[in-house]
Amino acid sequence: MEHALVPVANEADARATAAALATYTPERTTVVHVVEKGGGAPDKTPVEQSEDVAEAAFAAFRETFPDAETHVTYGTDVVGAVVEAAGEVDATVIAFRPRGGSRLVQFLSGDRALRLVTEADRPVVSLGTDDRGES
């Protein structure tokens, strides 16, 4: 794993994802947070608040990977934004930790993990979780 792009949602997710990634020992790591935009509708959260969430997530991730680079991106399509970010930072792999939720919730919200695996233009590694969906 030469250069991993690692998407994180928040501080707790960043810690869990970093712990799951640690066994892979990537040479270089870039952690990315996608600020979801409303696409004509009001944003889900104010941009400044979302950027604060990103900074807290980055700090949590750096507890395990102190040299991790960071990248904030903005978009209405989280999966598309992650794939685009991978190209922008020249990542060789996207490594992610699947988010929880029942199959019904995943179906109704659109399974981002499936989309990421099928739409990415580079290898994708799904980091393990325990039975509760945690690392």
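Let us look at the structure shown here. Only a predicted model underlies this, so the values are computations on that prediction, with no experimental measurement involved.

Thoughts on the packing of helix H3 (residues 78-88) against helix H5 (residues 112-119)
Think of two packed helices as two axes; the pair is described by the angle between the axes and how far apart they sit.
Point 1. Contact geometry for H3 and H5: axes closest at 9 Å, N-to-C directions at 35 degrees. Crossing of H3 against H5: the hand is right-handed. The segment H3 lies against H5, with Val78, Val79, Gly80, Val82 and Val83 engaging Arg112, Arg115, Leu116 and Glu119.
Point 2. Among the residues forming the contact of H3 with H5, the class breakdown is 5 nonpolar, 1 polar and 3 charged.

Quick look at the sheet that holds strand S5 (residues 124-126)
Point 1. The parallel open sheet is built from 5 strands, whose spatial order is S3-S2-S1-S4-S5. Of all the strands in the sheet, the pair left with one neighbour each is strand S3 (69-75) and S5. Direction aside, neighbouring strands of the sheet carry axes that sit 30 degrees apart on average.
Point 2. With 2 bridges connecting them, strand S1 (residues 3-7) and strand S4 (residues 93-96) associate as parallel partners. The residue bridging leucine 5 from the neighbouring strand is isoleucine 94, located in S4.
Point 3. Each of S1, strand S2 (28-36), S3 and S4 touches H3; the most contacted strand, S2, lies at about 145 degrees to it.

Conventions used here
Residues numbered from 1 in each chain as written. Predicted model: local features only at pLDDT ≥ 70, side-chain atom pairs only at ≥ 80, totals over all residues. Heavy atoms only, no water. Axes fitted to C-alpha atoms, helices over the stretch in contact; angles between N-to-C directions. Helix = DSSP H or I, 4+ residues; strand = E, 2+ residues; numbered from the N terminus. Left-handed = near helix turned anticlockwise from the far one by under 90°. Contact = heavy atoms within 4.5 Å. Nonpolar A, V, L, I, M, F, W, Y, C, P; charged D, E, K, R; others polar. Pairing = 2+ DSSP bridges.

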